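# Examining the three-dimensional arrangement
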Amino acid sequence: YELTHLEFQGRELVGPIEAHVLAAMTKLEVLDLRDNNLYGRFDHTHIPAAPLREILLGGNLLNGPMPRALTFSKVRATLVTLDLGANYWSGDIAGSFFLFYGTDGDGICRMCTSPAGSVGDMSLFDTHALVALESLNINDLRSMDRGYGMPVWAGSKSMTPALTTLNASSANLIGPMPTWLGSVIVDLDLSRNYLEPKSQVYFLWSQATGSAIGGGT
């Protein structure tokens, strides 16, 4: 198909997202299916070999495992905006999006067991990091398991090195404020989680300087 934009936000669509239909859209740049009643899984088979810049799936009833960054490796160099929020992803935790290990839905194990204190196989950075991603929405995931802060950074590397906007409100995060954010993110929402009080407001931590850039109680 020659289609570059597939935009059906708020059209009351019902049913699963058909992977074979998307696979044929090799010119697709924008996939916007927000605010419908779509259900079922979304994994690597749904990602066409196309120059996708935006994948917007928020506000549906998608109920399989939440996709990880690994899932989007085919569009890692072009994907700028990703919205997975306000769905019914099952199990796991929101922070698992950033993990370097596990599978991306194809059944192939990539460092399935990670050493204690590690976030996985760092060799995947060169082939799977979403180098163009600037905006990520994983909000309103209260049906998922509770889990500690999101392991975005591993040393000096990140699965999302260009990320500037992150909405992870109501994502069932617990524990202390994570210190993985670095100095790249400028718009952050971690509200309505189970973090310590200071973490409920805009807060950044600069790994480069080791100093707080914003915050409050």
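Residues numbered from 1 in each chain as written. Predicted model: local features only at pLDDT ≥ 70, side-chain atom pairs only at ≥ 80, totals over all residues. Heavy atoms only, no water.

On to the sheet that holds strand β11 (residues 165-167). Pairing in this open sheet of seven strands is parallel, and the strands run β1-β3-β5-β7-β8-β11-β13 from one edge to the other. Strands at the two margins of the open sheet, each flanked by one partner only, are β1 (5-7) and β13 (187-189). Strand-to-strand twist across the sheet, computed as the mean angle between neighbouring axes with direction ignored, equals 5 degrees. Note: strand β3 (residues 30-32) against strand β5 (residues 54-56), three bridges, orientation parallel. Across the sheet, the residue bridging to Asp32 is Leu56, located in β5. (Pairing = 2+ DSSP bridges. Helix = DSSP H or I, 4+ residues; strand = E, 2+ residues; numbered from the N terminus. Axes fitted to C-alpha atoms, helices over the stretch in contact; angles between N-to-C directions.)

Moving on, we come to the pairing of strand β4 (residues 37-40). Burial along β4 is one-sided: the face carrying Leu38 and Gly40 is buried and the face carrying Asn37 and Tyr39 is not. Of the pairings in the sheet, the one linking strand β2 (residues 14-15) to β4 comprises two bridges and is parallel in character. Bridge assignment links Val14 to a residue of β4, and that residue is Asn37. As defined by bridge partners, β4 adjoins strand β6 (residues 61-62) across two bridges and the pair is classed as parallel. Note on β6: the bridge partner recorded for Gly40 is Leu62. (Buried < 20%, exposed > 50% of the residue type's maximum accessible area, 1.4 Å probe, protein only.)

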